[in-house]
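Summary of the model geometry
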Amino acid sequence: MTAAQAPSSYREAIRESIREAMRKDDRVFLMGEDVGRYGGCFAVSKGLLEEFGPERIRDTPMSESAFVGAGIGAALGGMRPIVEIMTVNFSLLALDQIMNNAATFLHMSGGQFNVPVVIRMATGGGRQVAAQHSHSLEGWFAHIPGIRVLAPATLEDARGMLGTALEDPDPVLIFEHAGLYNMKGQLPADAGPVDIERARVRRAGSDVTIITYGAMLWKSLDAAQMLAKKGIQAEVIDLRTLRPLDEATFLESVGRTHRALVVDEGWRSGGISAEICARIQEKAFYELDAPVERICGVEVPTPYPKHLEDASFPQVAAIAAAVEAMVPAHG
Amino acid sequence: MSPPLEVQSAPAVERTHAIECLKQMLRIRRLEERCAELYTAAKIRGFLHLYNGEEAVAVGVVQALGPEDGIVATYREHGHALVRGIPARAIMAELYGKQEGCSRGRGGSMHLFDAKTRFCGGNAIVGGGLPVAVGLALADQMRGKTTVTGCFFGDGAVAEGEFHESLNLATLWRLPVLFVCENNLYAMGTRLDLAQSATDLAKKAAAYGMAAEAVDGMDVFAVEAAAQKALAAIRAGKGPFFLECRTYRFRAHSMYDPELYRAKAEVEEWKKRDPISNLESSLKQQGAILDSDLERLERDIAAEIDDAVAFAEAGTWEPVTDLERFVYSERRPT
Ligand SMILES: Cc1ncc(C[n+]2csc(CCOP(=O)(O)OP(=O)(O)O)c2C)c(N)n1
Ligand SMILES: [Mg+2]
């Protein structure tokens, strides 16, 4: 066993979590398109084939439904598969397996057949890859009872969520934002599993609560920094888990700040942002000093040109401006 | 219509085994006849798909499977479940939606599950079970087991992408799957030749590089022999096997189907090949079974079904306070 090198990027953090899981438990294996010889379309699994061999780092044909379903079946058969779907855009071809099988078997069987499968995929836009390759559909998946939906935004979560997900008896989907793979940072060499139940306050503040997840966490934190210069203290909450939603954490925060802004890269109508707004008005209505606001992806198929693409996603300046409009002038 | 059958004739079968096959087919037939009555009586609700006419397929294949083998079936799976050993009581209670049912009543007719017999469900998405069967077989292969997954589906599933993805993947990885296509010539009201550009389904499967064979699905011994041969090949490590069983459903697709799409004469023609009455008369002709034996068999089966219905009637409804159970596992890591 080679000495573990502390991962220094989001990509390496995920790779390290896969490596650790595979070393620890021989029921764990990785399968998906180009995960082996190619090294993963985002180079996440690079080098793992050499260490674990083609049985456990399994290249699949481009058959999303078949290999996602095979992951479900293998989980029923006693294995602990990690299924990689290249990106969320292609998960649509496996929706039947995820929604009709993974999410239902435990229930339809009256508790007899749980499905301990982990399905990872890249999500999100911002790389000028146009309408068919820029979706943020994790909010859709969060609509489905029976699965867990995770969205690691930090190196720590990229490193730690997979291990916990593999211990879970039920299907877990992990959405890795494609724009974060290159994100650098330092993790302790002994970084390990993290909880997958709770949201985290990533920045404390007293004037407004920004609720977000994934790549939008970083834009929200940048906006919070800008706002701080203007005397506005924004609390920033990273949801981390979109299903089940840890509402206690954001409701508690809103109870202190009395204002909430939801920032979501996904589309507005019927999105996870709508769900969060609804929970706040259902459960913290009398705490609010202002209407809950949202900044979401503009409802358009993502355009290719940079200026239009930028305009279609939440940006730092817009987040800061929205907060300023919500918070009374600071003197 | 499908091309003429080229099937091997049924092998010589030992008398007690022949009677056992007859008994199993009769259990299915009588159970489902009762189901139809109970549906009319509004005891069973929702979708109900009956298997009348196709019993030889489930009996022939399931009997050939070993106790450790897995099964993935469709919504037309009462027969498979019964032959597999799920008690008639548990099946009937499930159809009633009672918590004594094999899926606690949560699945109903289309979703019979039983962990004890590795019966991994009736799946009601056409083609949806095939990838799961491939995965079960993958787990068995990776764990060094010699078990096989029997995967049942209809001719309609052949038109789905999941069918082709699954056959390819199973062959590519030489997985121990017995694909059993129950070709009853119709997908709801769509006749095979109106859905498939080429109607020889075994040939289609063979194109993926797997062993494939068509068999007379109205002959339980032919099905059983073909399944045994296929299973031996799979267990010898030769990869998946595709068994097309040419059969026919005597009743409607489901209880809602007025059968506008086929002629009564066609159904009557196929009824002449009824796997049950044909086996009965051949056994009688050979003197292998007497009228009195048959009467006793029918009495025993009727008693089993009466008992199952009484059990379902006496069954209890799961309390509504339990509604949200089994969405996530109750035992979680600490
Ligand atoms: C993906 C999908 N499409 C449509 C249906 C509706 N449907 C239920 S059964 C059926 C016909 C299936 O025919 P076949 O596979 O031949 O099985 P059979 O009913 O003849 O046993 C259809 C269209 C479905 N359940 N799933
Ligand atoms: Mg059919």
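Note that the structure is predicted; figures quoted are calculated from it, not measured. (Residues numbered from 1 in each chain as written. Chains lettered and ligands numbered in written order. Predicted model: local features only at pLDDT ≥ 70, side-chain atom pairs only at ≥ 80, totals over all residues. Heavy atoms only, no water.)

Re the environment of Asp114(B)
To be explicit about the condition: Working definition: helices are DSSP H or I runs of at least four residues, strands are E runs of at least two. Numbering for both runs from the N terminus. Under the scheme applied here, a residue whose accessible area is under 20% of the maximum for its type counts as buried, over 50% as exposed, and between as partly exposed, the area being computed with a 1.4 Å probe on protein chains only. Two residues form a contact once any of their heavy atoms are found within 4.5 Å. Nitrogen and oxygen atoms within 3.5 Å of one another constitute a polar contact, given that in protein one can donate a hydrogen and the other can accept it, and given that sequence-neighbouring residues count only through two side-chain atoms.
Topologically, Asp114(B) is positioned in the loop between helix 4 (88-96) and strand 2 (119-123). You can call Asp114(B) buried: its relative accessible area is 7%. Placed 30 residues apart in sequence, Asp114(B) and Arg84(B) show a C-alpha to C-alpha distance of 9.7 Å. Among residues more than four places away in sequence, those in contact with Asp114(B) are Gln112(A), Phe113(A), Ile86(B) and Phe119(B). At a separation of 2.7 Å, a polar atom in the side chain of Asp114(B) contacts the side chain of Thr117(B).

Structural notes on helix 6 (residues 161-172) of chain B
All names here are of chain B. Our working rule: To estimate the expected span of a helix, count its residues, drop one, and scale the result by 1.5 Å.
Here helix 6 contains 12 residues, and its C-alpha end-to-end distance of 16 Å stays within 8% of the 16 Å for a straight helix at 1.5 Å per residue. Within helix 6, burial applies to Glu162, Phe163, Glu165, Ser166, Leu167, Leu169, Ala170 and Thr171. Of the residues trailing helix 6, Arg174 is marked for its positive phi of about 50 degrees.

Things to note about the confidence of the model for chain A
Condition: Each residue gets a pLDDT score, which is the predictor's confidence in that residue and runs from 0 to 100.
In the predicted model, chain A carries a mean pLDDT of 96, and the fraction of residues at 70 or more is 98%. Helix 12 (residues 306-312) of chain A is the least confidently modelled element of chain A, averaging 96 in pLDDT, while strand 8 (residues 208-212) of chain A averages 99, the highest of any element.

Remarks on the domain arrangement of chain A
Many authors give the size of an interface as the accessible area that is lost as the parts come together. Residue and element names in this part refer to chain A. Counted only if it meets this: All the domain ranges listed were derived from an automatic or database domain assignment. When two parts are put together, the accessible area they lose, computed with a 1.4 Å probe and summed over both, is reported as buried area. Whenever a carboxyl oxygen of Asp or Glu lies within 4 Å of a side-chain nitrogen of Lys or Arg, that contact is scored as a salt bridge. Under the grouping applied here, Gly and all other residues not named as nonpolar or charged are polar, the nonpolar ones being Ala, Val, Leu, Ile, Met, Phe, Trp, Tyr, Cys and Pro and the charged ones Asp, Glu, Lys and Arg.
Examined at the domain level, chain A breaks down into domain 1 (7-188) and domain 2 (200-326). A straight line from the C-alpha centre of domain 1 to that of domain 2 covers 26 Å. Domain 1 puts 30 residues into the contact, and the matching count from domain 2 is 25 residues. In total, domain 1 and domain 2 occlude about 2,100 Å² of area from one another, counting both sides; carbon and sulfur atoms represent 55% of this. For the interface between domain 1 and domain 2, the tally reads 3 salt bridges. Asp157 is the partner of Arg202 in a salt bridge, and the nearest nitrogen-oxygen pair spans 3.1 Å. The interface formed by domain 1 and domain 2 holds 17 residue pairs in polar contact (both at pLDDT 80 or more) in total. Taken together, the elements giving at least two residues each to the side of domain 1 that touches domain 2 come down to helix 7 (138-141), strand 5 (148-150) and helix 8 (155-167). Of the residues contributing to the side of domain 1 that touches domain 2, the split by class is 14 nonpolar, 11 polar and 5 charged.

As for the sheet that holds strand 9 (residues 234-238) of chain A
Pairing between sheet strands relies on hydrogen bonds along the backbone, with the strands arranged either parallel or antiparallel. Residue and element names in this part refer to chain A. Cut-off, in case you're wondering: Only when DSSP finds a minimum of two bridges between them are two strands counted as paired. Angles shown run from 0 to 180 degrees and are taken between the N-to-C directions of axes, each axis being a line fitted to C-alpha atoms and, for helices, limited to the stretch in contact.
With respect to topology, 5 strands assemble into an open sheet ordered 7-9-8-11-12, the strand pairing being mixed. For this open sheet the edge positions go to strand 7 (200-203) and strand 12 (293-297), each flanked by a neighbour on one side alone. When the angles between neighbouring strand axes are averaged without regard to direction, this sheet yields 25 degrees. In the sheet, strand 11 (residues 260-267) pairs with strand 12 via 5 bridges, with the strands oriented parallel. Residue Asp264 lies in a different strand from strand 12, and its bridge partner there is Cys296.

Digging into the side chain of Lys98(B)
Residues and elements named next belong to chain B. Rule in force here: Positive: Lys, Arg. Negative: Asp, Glu. His and the chain ends are not part of the count.
Along the chain, the position of Lys98 falls in the loop between helix 4 and strand 2. Buried and unpaired, Lys98 has no salt bridge, with Glu313 as the nearest side chain of opposite charge at 5.5 Å. A polar contact of 3.2 Å, which involves the side chain of Lys98, links it to the backbone oxygen of Gly315. With near-sequence residues (within four places) excluded, Lys98 lies in contact with Ala93, Arg104, Gly105, Ala312, Glu313, Gly315, Thr316 and Trp317.

A few points about the coordination of the magnesium ion (ligand 2)
Residues and elements named next belong to chain B. Condition: Metal donors were taken as nitrogen, oxygen and sulfur atoms no farther than 2.8 Å from the ion, or 3.2 Å where the ion is Na, K or Ca. Water is excluded, so coordination may look unfinished.
Around the magnesium ion (ligand 2), the protein contributes the donor atoms Asp155 (OD), Asn184 (OD1) and Tyr186 (O), at 2.1 Å from the metal centre. Each donor residue of the magnesium ion (ligand 2) lies on the same chain, and together they follow the pattern D-x28-N-x1-Y. Of this pair, Asp155 sits in the loop between strand 3 (149-154) and helix 6 while Asn184 is found in the loop between strand 4 (177-183) and strand 5 (186-187), placing the two residues 29 residues apart along the sequence. Asp155 sits in the buried class, given a relative accessible area of 3%.

Points about the pairing of strand 3 (residues 80-87) of chain A
Residues and elements named next belong to chain A. Most of strand 3 sits out of view: 8 of its 8 residues are buried. Pairing geometry for strand 1 (residues 28-32) and strand 3, over 5 bridges, is parallel. Within strand 3, the residue paired with Phe29 across the bridge is Pro81. For strand 3 and strand 4 (residues 118-123), the ladder comprises 5 bridges, and the chain directions are parallel. Paired with Ile85 across the two strands is Met121, which belongs to strand 4.

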